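Descriptive structure summary
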Amino acid sequence: MAILPTVGTLLMLLAVGTSALWCFTRLPAGEPLARHVTLASQVAPFLLLMFAFIFDWEALDLVSRYGGSELPLLYRVSAVWGGRAGPLLLWGALLGVVTWFMSGRSASNSCEVRLMHGATAAILVISWILSPFAASSGWGGTLNPLLQTDLMVIHPPVVFAYYSLCLAVAAVALAGLIEGRDARAVHEAQLHWARAGFLMGAVGIGLGGLWAYTVLDWGGYWAWDPVETASILPWFALLMIVHARARTDSERDSVILASPALGMLAGALAIHATLVTRANGVWASVHSFVGNEEGDLYDDPYLRILQLFDDGAAGLEVAAYTLLMLALCVAAVWWLARQQKQNLTARGATSLADSNRPLSSVLVLSSLAVGVWMGSTAVTLVGGALMLLLVRGDEQRPPVTIVFAGVFLMLFASWTWTATLVQAIVGMLLFLGPWLMSAEEEELPLTLIFSDTRVRMKFARAMPWFAGAAFLALTWLLLTAEIDGTSLAAHEFYGAPILAIAVLALTIYSWGKTVDARRGNALMLATLAVSLALAYFADKFTLPGDPALMLTDTISRGALAMFMLTWLVIALPPSAKIAFDSARQTIPKLRERGIRAPSNRARLRLFGSHLAHLGIILLLLGHVLTTTLVDRADPSHLITLEKDSAVEFKGYEFTFRETVLVAEDDPEYDYTIGNGFAGFVIEVTKDGEKVDEVTPGILRFGWQTTRSEVDRMVRPSGDMIFILDQQQAEISLTSMMRGETDEVSEIRVTVHDLQGSHLVWAGWGLIMLGGLAALVSSDRSPHSEEE
C-alpha cells in the first residue's frame, strides 16, 4: 500500500482540476456524462480516505494516527473526522453532490453552478494543504473517545451537508448579484435550497443535541457551547428566507429585496461556524482543533483569529475561511446598496450621501469610531455597513429597518458586555439622527394594538424576519463576547423577550380570523399582564429544576420561566388546532390527487409550516423546563452516596448498591470499544418501592483515557440524568486495581431532574417533519389561494 499517498495526490489533483475547470471556463451545458465524471472526481478523494480507514491501510499517516483494526466498522468511518483534513474532504464531496443536483435543476454551466464548483475547489485545496494523504510517519495514536459513538458517524456528514446547502443558497444569490438578476427571481431560485438547508440544519443540530444529551456529561441537550451556537446562526438566516414568501404585496417589498442578501449571509455564517469549530484557542469549547498560545492577548475573537494566520497549514485554512466569509458579507452589503439605488432612481428620490456628502462621511466614520471605541471588530464592521446603507437611503424617508437595526446592534452590544451604556447610547444616537432629522417620518411597521385582523396577520407574517434577525444578532454578539466561557444565563435572559414576541406572532397566526381584533387585543394584553404577575410571584409556585436560583441579580430562573411558560401555554392550543385542521384538509386531498397537483403542493407546504410551528412551541416548552429552570453547575445536584445508605433527592431515594467492573474480554462486556467498564449500581426507590436501577460509570480506553457513561431513568414526565463524578471514580477504581482497597464505599453522582425533556424531542421531530413537507412540495412556482 506504499502507493496510496501517490494515488491520493493524483485524485486530489483531478478533483481540484475538474472543479476549477467548471468554475473558470464556460463548458457546454447539457452533458450528463461530464456532470457524472466531475462528481466522481470530487467524491473520489474522500472515498479513498474512508476506505483507507475501513481497511486499515496504515501507509497513510491519518490512518496510523486515528484508525486501527480494533475499531468497529462504523467507528472507522467516524475516525475520518479525527484529523483536520478528513472533514474537509467530506465537505468537498458533499459540495460536489449538491452541485450535481443544482446542475440538474438548471444549466450545468450557469453562474451559480460554476460558483459552487469554485467553492468545492477551494475546500479541496484547503484540505490538500493539510496533507490528507501524507505517508505514515510511524507515529501511532488513538481516536478521541467522543468520536467513538454511533451519532458521530452520521452527525458530521449531516452538518456538512447543511453547510453545503447554505453555500448553495449563497451561490444562487451571488450569481444574481453578478448577473444583475431581479430580486424576486433570485429569491424564488434560492428558496428550494433554503428549504433543503433548513431541514438538513434541523436534523444536524438536533443530532448534535442528542449526542450531547446521551454522551457528554452536560446533563442536557443544549448548553450554548460556541460550536453549537455558531451552527445555529445560518439556520436562523434560512428561517428568515423561507418566510419571505409570506409577504408578496409588491415588487418593492423590502423583505423580498433583502432575501438574496440573507442568502449570502447564510453562506458566510456557515463558513463562520466552520471557523469557530476549527479555530480552537479562540473560543473555549469542548471541540479541539487549532490552538495558539498567543491567542489570549486580545479580547476580540476576530483579532485572535488574525493571530492564527501564521500557524502553518492550519493558519492558511483559517485565513481562507476568513477571506471567504468577508467576501460574502461584502457581496451582501453590495446587493442591498444596489437595491437601494434602483429604488431611489425609480422614485426619483435622493440619498443622504448624494445630497449631503460631508454629513454622510461624518456619520460613517463616527459609527466606525464607536466600534473601535468599544474594542469590537464585530460592531465596527456591522455598524459601519449599516450606517453606509443608511446614508445611501432616501434622504427624506430614511429606511426605518436600517435605523432600528443599528439601534438594536448597539443595545445588544451593551447587553453582551461589548459596550458600556454611554458607548451604546452614542451609537444609537448616530443611527437615530438621520431619521429624527428627516422631513418625512416613515410610519413604524409594527404595533401591538391592532385595528383589524388583516393588520394583525401582517404583524404575524413579519415577525419571522424581525424576531429572527434580532435573535441572530444577539446570539452572534454573545458568541463574540464568550471567547473565554459561555454565559448560559445571558442567552436565556436576553433572548426571552425576543422569543416571547415570536411566540406571540405564532399565536396570532394560529388565530387567523377566528379571533376578532378587539378580543385579540384583550387576550394579548391579558397574557402580558398575567405573564408579568406570574413572574413576580414565581416563588409561590412549585416548579421543577432550580426555580429559586438567581439568573441575574434581580431575576430568578423561576421568574423567567413563568414569564415564558405563560406565552407558550397560550400559544399551544391554537397552534395544535391549526396543525390538526391542516392535516385533516391535506391528507385526504393527497390521497385523492397526489402530491403533483399544484394545489396539493400548496396545502402540503402549509401543513408543513403548521407542523413546524407546533414543533417550535413544544421544543421551547421543553427548553424552558430543562434548561432555563435547571442550573447544571449548581452544587445541589451533586450527591454523595455511601454504600447501602439511602439519600433522598427530588422525592426519590437513591442507594448505592455495588461496583461493577467488566473487562473487554468478559462475555458480559456490552461495548464494542474501550478496554473496560466501571459502573456503580444505584437503586432508585419511591415511597419504599423500587422504581428503577441505573448504572452510571466510566469507559476506559487504555490506562489514561476515559469517557463518562451517562445513565438515564426514563419517566413519562421526563428523564432523570445520572452522571458519575469521573475524577473521584477514577481515583477509587485505581485503588481497587492496585489492591489498595477491596471496594468503593462512597461515590459522588450529579443528578439532573429534567421534567419535560420529551417535549424537546417531540418538538424537534415535528420541525423536521414540517421541513420535509415544505421541501418535497417546493417545486411549484406560482402562488395559490390555498397558500
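Residues numbered from 1 in each chain as written. Predicted model: local features only at pLDDT ≥ 70, side-chain atom pairs only at ≥ 80, totals over all residues. Heavy atoms only, no water.

1. Notes on the overall build of the protein
Filter applied, for reference: Secondary structure counts use DSSP, requiring at least four H or I residues in a row for a helix and at least two E residues in a row for a strand, with both numbered from the N terminus. Put simply, the radius of gyration uses C-alpha atoms, and a globule should come to 2.2 Å times the residue count raised to 0.38. Any two residues whose heavy atoms approach within 4.5 Å at even a single point are treated as in contact. Computed with the Shrake-Rupley method and a 1.4 Å probe, the accessible areas treat only the protein chains shown as cover for residues. By the counting rule applied here, Lys and Arg register as positive and Asp and Glu as negative, while His and the ends of each chain are not counted. Here the site of a charge means NZ on Lys, CZ on Arg, CG on Asp, or CD on Glu.
Looking only at helices and strands, the protein features 24 helices and ten strands. Its C-alpha atoms give the protein a radius of gyration of 28 Å, near enough to 28 Å, the size a compact globule of 787 residues would have. Projected onto its principal axes, the C-alpha positions of the protein cover 90 × 70 × 65 Å. At a minimum sequence separation of 6, the contacts of the protein that also span at least 24 residues come to 75%. Per element, the accessible surface of the protein, about 33100 Å² overall, is 62% carbon and sulfur. Computed over 52 positive and 72 negative side-chain charges, the separation of the two mean positions in the protein equals 15 Å.

2. Some details on the pattern of salt bridges
Worth spelling out the cut-off: Salt bridge, as used here: a side-chain nitrogen of Lys or Arg that lies within 4 Å of a carboxyl oxygen of Asp or Glu. Relative accessibility under 20% of the residue-type maximum defines a buried residue, over 50% an exposed one, and the middle range a partly exposed one, all with a 1.4 Å probe and only protein chains included.
One pass over the structure, following the stated rule, counts 17 salt bridges. Taking the shortest distance from any N to any O, the salt bridge between Glu112 and Arg181 comes out at 2.8 Å. In this pair, Glu112 sits in helix H6 (residues 111-129) while Arg181 sits in the loop between helix H7 (151-179) and helix H8 (183-214), placing the two residues 69 residues apart along the sequence. Residue Glu112 is classed as buried on the basis of its relative accessible area of 10%. A relative accessible area of 23% means that Arg181 is categorised as partly exposed. Asp581 serves as the salt-bridge partner of Arg584, at 3.2 Å between the closest nitrogen and oxygen. Taken together, the positions of Arg584 and Asp581, both in helix H21 (residues 557-593) and three residues apart, correspond to about one turn of that helix. Judged by its relative accessible area of 17%, Asp581 is buried. A single network of salt bridges, built from pairs that share partners, joins Arg84, Arg278 and Glu317.

3. Some details on the sheet that holds strand E10 (residues 746-755)
Going by this rule: Each pair of strands is called paired provided DSSP finds at least two bridges between the two strands. As a rule, the C-alpha atoms of each element are fitted with a line to give its axis, helices using only the stretch in contact, and angles between N-to-C directions run from 0 to 180 degrees.
With respect to topology, four strands assemble into an open sheet ordered E1-E10-E9-E8, the strand pairing being antiparallel. Strands at the two margins of the open sheet, each flanked by one partner only, are strand E1 (638-642) and strand E8 (711-715). Put simply, the sheet's adjacent strands are angled 30° from each other on average, direction ignored. Sheet topology note: the E1/E10 ladder contains five bridges and is antiparallel. Among the inter-strand pairings, Glu642 is bridged to a residue of E10, identified as Glu746.

4. Some thoughts on the side chain of Asp56
Assignment of secondary structure puts Asp56 in the loop between helix H2 (32-54) and helix H3 (61-66). As a buried residue without a salt bridge, Asp56 has its nearest oppositely charged side chain in Arg76, at a separation of 6.2 Å. Ignoring anything within four residues of it in the chain, the contact list for Asp56 reads Val63, Gly68 and Ser69.

5. Focus on empty space enclosed by the protein
The condition is simple: Only protein atoms enter the 1 Å grid used here, on which a cavity is any set of points holding a 1.4 Å probe that cannot leave and a pocket is any open set flanked by protein within 12 Å on both sides along at least five of seven lines; residues with an atom within 4 Å of a point are listed as lining. Grid points are joined across faces, edges and corners, and a volume is the space filled by probe spheres set on the points. Only Asp, Glu, Lys and Arg are considered charged, only Ala, Val, Leu, Ile, Met, Phe, Trp, Tyr, Cys and Pro nonpolar, and every remaining residue, Gly among them, polar.
Following the criterion strictly, the structure yields two cavities of 30 Å³ or more and no others. Of the volumes computed, that of the largest cavity is approximately 70 Å³. In this structure, the largest cavity is lined by twelve residues; those nearest its centre are Arg35, Thr38, Trp100, Ser103 and His117. Elements represented by at least two residues in the lining of the largest cavity include exactly H2, helix H5 (85-105) and H6. Of the residues in the lining of the largest cavity, the class split is four nonpolar, seven polar and one charged. A volume near 40 Å³ is recorded for the second largest cavity. Looking at the lining of the second largest cavity element by element, the count peaks at three residues for helix H24 (residues 757-776). Split by residue class, the lining of the second largest cavity holds five nonpolar, three polar and no charged.

6. Points about the confidence of the model for the protein
In low-pLDDT segments, the atomic positions of the prediction should not be examined closely. Filter applied, for reference: Here pLDDT means the predictor's own confidence in every residue, given as a number from 0 to 100.
The share of residues in the protein with pLDDT of 70 or more is 91%, and the mean pLDDT across the chain is 89. In this model residues 246-252 is a low-confidence stretch, pLDDT under 50, and it forms 17 contacts with partners more than four residues away in sequence or in other chains. In the predicted structure, residues 288-295 sits below a pLDDT of 50 and forms 23 contacts with residues beyond four places in sequence or in another chain.

7. Details of the packing of H7 against H8
Selection rule: Our angle categories are set so that under 35 degrees counts as roughly parallel, over 145 as roughly antiparallel, 65 to 115 as roughly perpendicular, and the remainder as oblique. Crossing chirality is assigned from the near helix's rotation relative to the far helix, an anticlockwise turn below a right angle marking it left-handed and a clockwise turn marking it right-handed.
At a closest axis distance of 8 Å, the pairing of H7 and H8 adopts a crossing angle of 160°. Our classification of the angle between H7 and H8 gives roughly antiparallel. H8 is crossed by H7, and the crossing has left-handed handedness. Tallied by class, residues from the contact of H7 with H8 come to 23 nonpolar, eight polar and no charged.

8. A word on the pairing of strand E4 (residues 676-686)
In terms of residue burial, E4 counts as a mostly covered element, since ten of its eleven residues are buried. Across ten bridges, the pairing between strand E3 (residues 652-663) and E4 is antiparallel. Of the residues in E4, the one forming a bridge with Thr655 is Glu683. Alignment of E4 against strand E6 (residues 697-701), held across four bridges, turns out to be antiparallel. Residue pairing in the sheet places Ala678 in a bridge with Ile698 of E6. In this structure, E4 lies alongside strand E5 (residues 689-694), joined through five bridges in antiparallel fashion. Opposite Thr685, over in E5, you have Lys690 as the bridge partner. The turn linking E4 back onto E5 is made up of two residues, and Asp687 within it adopts a positive phi angle of 55°.

9. Regarding the environment of Thr274
Here Thr274 shows up in helix H10 (residues 254-278). Look at Thr274 and you get buried, because its relative accessible area is 3%. A sequence separation of 74 residues divides Thr274 from Met200, and the C-alpha atoms of the two residues are 16 Å apart. Not counting residues up to four positions away in its chain, the partners in contact with Thr274 are Trp91, Tyr163 and Tyr321.

10. Structural notes on the pairing of E10
The buried fraction of E10 is high, at seven of ten residues. Direction of pairing for strand E9 (residues 718-724) relative to E10: antiparallel, over a ladder of seven bridges. The residue of E10 that forms the bridge with Gly718 is Gln755.

11. Things to note about helix H15 (residues 377-391)
What counts, and what does not: A helix is expected to reach a length of 1.5 Å times the quantity of its residues less one.
Under the 1.5 Å per step criterion, the end-to-end length of H15 is 21 Å for 15 residues, consistent within 8% with the ideal 21 Å. Along H15, the residues that are buried comprise Ala378, Val379, Thr380, Gly383, Gly384, Leu386, Met387, Leu389, Leu390 and Val391.

12. Some points on the state of the cysteines
To keep things clear, this is the line we draw: Two cysteine sulfurs form what is called a disulfide whenever their separation falls within 2.5 Å.
Taken as a whole, this structure holds zero disulfides when the rule is applied. Summary of cysteine pairing: Cys111 is not part of a disulfide, and the nearest cysteine sulfur, belonging to Cys23, is at 9.1 Å. Here Cys166 is not disulfide-linked; the sulfur of Cys329 is the nearest cysteine sulfur, at 13 Å. A relative accessible area of 0% means that Cys166 is categorised as buried.

13. What about the packing of H5 against H6?
The relative placement of two packed helices is expressed as an angle between their axes plus a distance between the axes. At a closest axis distance of 9 Å, the pairing of H5 and H6 adopts a crossing angle of 170°. On the basis of their axis angle, the class for H5 and H6 is roughly antiparallel. Relative to H6, H5 is oriented so that their crossing is left-handed. Mapping the contact onto sequence places Ala85, Leu88, Leu89, Trp91, Gly92, Leu95, Gly96, Val98, Thr99, Met102 and Ser103 in H5 and Glu112, Val113, Met116, His117, Ala119, Thr120, Ile123, Leu124, Ile126 and Ser127 in H6. Classifying every residue of the contact of H5 with H6 gives 13 nonpolar, seven polar and one charged.

14. A short note on the packing of aromatic side chains
Heads up, the rule is: Centres within 6.5 Å make a pair out of two Phe, Tyr or Trp rings, where for Trp the six-membered ring is used; the pair is then stacked when the planes are under 30 degrees apart, edge-to-face when over 60, and tilted otherwise. When the NZ atom of lysine or the CZ atom of arginine is within 6 Å of a ring's centre and also within 35 degrees of its normal, the charge is said to sit over that ring.
Inspection of the entire model under this criterion finds 28 aromatic pairs. Residues Phe563 and Trp567 carry aromatic rings whose centres are separated by 6.5 Å and whose planes lie at 70° to one another, so their mutual orientation is edge-to-face. With a gap of four residues between them, Phe563 and Trp567 both fall in helix H21, about one helical turn apart. Through successive ring pairs, a cluster of aromatic residues spans Phe198, Trp222, Trp224, Trp235, Phe236 and Phe471. Cation over ring: Lys650 sits above Phe649, and NZ or CZ is 5.9 Å from the ring centre. Positioned above the aromatic ring of Tyr652 is the side chain of Lys686, whose terminal nitrogen or guanidinium carbon lies 4.7 Å from the ring centre.

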